Amino acid sequence: MKQRYGYIGVLLLCVLVLAACQRGSRELNVLCTVSEEWCQGMTAEFASQFNIQVNSVRMSTGEALARLREERDDPQFDIWWGGPIDSYIVAQNEGLLQAYASPNHGNLLDARYRDPDNYWVGVYVGSLGFCTNTEWLADNPGVEPPRSWDDLLRPEFERQIIMAHPATSGTAYTFLSTLLQLRGDAPGWAYMQDFSDQVYQFSRSGSAPATFVGQGEAAVCIVFSHDIIQLIEDHQLPLVLSFPEEGTGYEIGGLAIIAGARHTDAAQKWVDWALTAEAQALGARYGSYQAPTVHGVALRYPEILEVNLIDYDFVGSAARKDALVQQFINEIATADNLKQ
Ligand code: PLP
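Within every chain, residues take consecutive numbers counted from 1 along the sequence as written. Reporting in this predicted model follows two pLDDT cut-offs: at least 70 for local features of residues, and 80 or more for side-chain atom pairs to be given and counted; totals over whole chains, interfaces and linings ignore these cut-offs and use all residues. As a convention, hydrogens and water are excluded, and side-chain values are obtained from all of the structure's heavy atoms.

1. Section: the state of the cysteines
Sulfur atoms of two cysteines make up a disulfide when they are within 2.5 Å. If you walk through the whole model with that rule in mind, you get 2 disulfides. With its sulfur 2.1 Å from that of its partner, Cys32 forms a disulfide with Cys39. Measuring handedness by torsion sign, the sulfur bridge of Cys32 and Cys39 sits at about 80° and is right-handed. Like Cys32, the residue Cys39 is buried in the burial classification. Covalent S-S linkage joins Cys131 and Cys221, the inter-sulfur distance amounting to 2.0 Å. A 1.4 Å probe rolled over the protein chains alone gives each residue an accessible area, and that area as a share of the maximum for its type sets the label: buried under 20%, exposed over 50%, partly exposed in between.

2. What about the nonpolar core?
Among buried residues, the Ala, Val, Leu, Ile, Met, Phe, Trp, Tyr and Cys ones that are joined through side-chain atoms within 4.5 Å form a nonpolar core. Residues Leu28, Met42, Trp80, Trp81, Leu255 and Trp270 are the most contacted members of the largest nonpolar core, which totals 62 residues. The split of the chain into domains comes from an automatic or database domain assignment. Each of domain 1 (28–125 + 251–305) and domain 2 (126–250 + 313–331) contributes no fewer than three residues to this core. Contacts are assigned to residue pairs with any non-hydrogen atoms lying within 4.5 Å of each other. Excluding residues that lie within four positions of it along the chain, Leu255 makes contacts with Ile79, Trp80, Trp81, Tyr88, Trp120, Val121, Val123, Trp270, Val271 and Ala274. If you look at the next biggest cluster of nonpolar residues, it comprises 33 residues, including Phe130, Leu152, Ile161 and Leu179.

3. Observations regarding empty space enclosed by the protein
In this analysis, the protein atoms alone were mapped onto a 1 Å grid. Cavities are point sets where a 1.4 Å probe fits without being able to get out; pockets are open sets with protein on both sides within 12 Å along at least five of seven lines; lining residues have an atom within 4 Å of a point. Grid points are joined across faces, edges and corners, and a volume is the space filled by probe spheres set on the points. Taken as a whole and judged by the stated rule, the model has 2 cavities of 30 Å³ or more. Mapped by element, the contributors of at least two residues to the lining of the largest cavity are helix H2 (36–50), helix H10 (264–274) and helix H11 (277–281). For the purposes of this entry, the term helix denotes a DSSP run of H or I that reaches at least four residues, the term strand denotes a run of E that reaches at least two, and both are numbered from the N terminus. With 3 residues, H10 is the single largest residue contributor to the lining of the largest cavity. Partitioning the lining of the largest cavity into residue classes produces 8 nonpolar, 1 polar and no charged. Of the voids in this model, the second largest cavity is the one considered here, and its volume is about 60 Å³. As for the second largest cavity, its lining consists of Gln98, Tyr100, His105, Asn118, Tyr119, Trp120, Val121, Leu255, Ala256, Ile257 and Val271. With 3 residues, the single largest contributor to the lining of the second largest cavity is strand S10 (residues 250–258). All residues other than Ala, Val, Leu, Ile, Met, Phe, Trp, Tyr, Cys, Pro, Asp, Glu, Lys and Arg, Gly among them, are scored as polar; the first ten of these are nonpolar and the last four charged. Classifying every residue of the lining of the second largest cavity by side-chain character gives 8 nonpolar, 3 polar and no charged.

4. Details of the confidence of the model for the chain
Mean pLDDT over the chain: 94, with 93% of residues reaching 70 or higher. On a scale of 0 to 100, pLDDT captures the predictor's confidence in every residue. When the criterion is pLDDT under 50, residues 8–22 qualifies, and its contacts beyond four places in sequence or with other chains add up to 1 contact.

5. Quick notes on a negative patch on the surface
Put simply, a patch holds well-exposed residues, over 30% relative accessible area, that have no salt bridge, with like charges counted together within 9 Å and Val, Leu, Ile, Met, Phe, Trp or Tyr side chains within 5 Å. Areas reported here follow the Shrake-Rupley algorithm with a probe of radius 1.4 Å; residue values treat only the protein chains shown as occluding. Any Lys or Arg side-chain nitrogen located within 4 Å of an Asp or Glu carboxyl oxygen qualifies as a salt bridge. Charged-residue counts in this description rest on Lys and Arg as positive and Asp and Glu as negative, His and the chain ends being excluded. The location of each charge is read from NZ of Lys, CZ of Arg, CG of Asp or CD of Glu. On the surface, Glu37, Glu233, Asp234, Glu303 and Glu306 cluster together into a patch of negative charge. Within the fold, Glu37 resides in helix H2. Taking relative accessible area as the criterion, Glu37 reaches 38% and is therefore assigned partly exposed.

6. Structural notes on helix H7 (residues 185–198)
Since the α-helix packs 3.6 residues into each turn, any two residues three or four apart lie on the same face. Take the number of residues in a helix, subtract one, and multiply by 1.5 Å to get its expected span. Along its 14 residues, H7 runs 20 Å from first to last C-alpha, staying within 8% of the 20 Å computed at 1.5 Å per residue. By the burial criterion, the buried members of H7 are Gly188, Trp189, Tyr191, Met192, Phe195, Ser196 and Gln198. Viewed end-on, H7 has its buried residues packed into an arc of 155°, placing them on one side of the element. Here the buried face of H7 lies against strand S6 (161–164), helix H6 (170–183), strand S7 (199–203), strand S8 (220–224) and helix H13 (321–331). Summarising the geometry, the arc corresponds to the directions from the helix axis toward the C-beta atoms.

7. Thoughts on the pattern of salt bridges
This model, assessed by the stated rule, comprises 12 salt bridges. Ionic pairing is found between Asp110 and Arg112, a salt bridge with its closest N-O pair at 3.0 Å. The exposure class assigned to Arg112 is partly exposed, which follows from its relative accessible area of 44%. Each of Arg69, Glu94 and Asp322 takes part in one network of salt bridges that share partners.

8. Thoughts on the site of the ligand
Lining the immediate environment of the ligand, one finds 19 residues, of which Ser60, Thr61, Thr171, His226 and Glu251 sit closest. In protein, a polar contact means a hydrogen-donor-capable atom and an acceptor-capable atom, both N or O and within 3.5 Å, with residues adjacent in sequence counting only if both atoms are side-chain atoms; elsewhere, any N or O pair within 3.5 Å suffices. At a separation of 2.6 Å, an oxygen atom of the ligand approaches a polar side-chain atom of Thr61. Contacts to the ligand include Glu251, whose side-chain N or O atom sits 2.5 Å from an oxygen atom. For the ligand, whose free accessible area comes to 400 Å², the fraction covered by protein is 99%. A molecule is counted as occupying a cavity or pocket when more than half of its atoms fall within 2 Å of that pocket's grid points. Counting atoms within 2 Å of the grid points, the majority share of the ligand lands in the largest pocket. Among the elements of the structure, strand S3 (79–84), H6 and helix H9 (225–235) are those that each provide at least two residues to the shell around the ligand. Taken together, the residues that form the shell around the ligand break down as 4 nonpolar, 12 polar and 3 charged. Shared between two domains, the shell around the ligand holds at least three residues of each, these being domain 1 (28–125 + 251–305) and domain 2 (126–250 + 313–331). We call a residue near a molecule or strand when any one of its heavy atoms sits within 4 Å of it.

9. Describing the environment of Phe175
Counting through the fold element by element, Phe175 comes out in helix H6. By relative accessible area, which is 2% here, Phe175 ends up buried. C-alpha of Phe175 to C-alpha of Phe224: the two residues are 49 residues apart in sequence and 9.5 Å apart in space. For Phe175, the residues in contact, after removing those within four places along its chain, are Leu128, Trp149, Met163, Tyr191, Met192, Phe195 and Ile222.

Take a look at the structure:
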């Protein structure tokens, strides 16, 4: 009799342990910095494939980093997905991320796409490009789309540029860091001063300027090129894509598990899944044409990487991020009243 109770006790314990494990993996909170469409699409795909409830919130890169800093002692998110890795390195340096050595790291195309200590991993790659409204070009005969950083300073583009602000946007910080890396600090900041005179409005989100320019609010934007392609291909906005021939910056889009995450097991599942060809191939279904970081996915728009890319210094860019953004706010443009 005693032995029977013993067996039942062990059985009950196993059931409880199993239930606890299952509960732990039934929910995942995702801080999305990719587009809303891709965020919604991928969270639904993951939820149905793994039977895990996924809650997501979309924020631009600088806002996401600020949120992680605020929640340091009580993290509400399990993973951060999307946005240039400069900010992931900042988060890593501040102890906001936890390392995870995914068994799928072997799928990566390049060693640069992974933090050597496994705090973040790259899940897409994209280059900065220019968009120009083709209807505006038709109304301004003789004006060509910009093909160098200096072209943005031409008189015909005065107050005709919409750009995000580096305080909120990873896209805009990539732009700022690119110019400083290309030209050096003093000439780079002098360029920023001239550039800001050309800007009609600074926005919060990095990709939004392409939509505003596509709608005719201004003539030119500086945005990741895959975002421009999406608006041309999927939304038929009157835009043409061009690149600065002397070299452009690029992003590795990051993914990381948050330090102190409540659902680490589900977070690890997401990381493993995001590093499969199957998951990365889904990007195009949700209007995301970035280059993949793993083997086995066709690059839909090779032109985004067949450009002159600078040897972007992600670690140096991360180390200087707070100081450069503050200098931008102090000397170039405040981050108050940004266009939504
Ligand atoms: N959305 C898309 C589609 C992107 O390619 C990127 C770049 O990583 C971002 C958002 C980053 O957004 P933001 O520049 O607003 O931080």
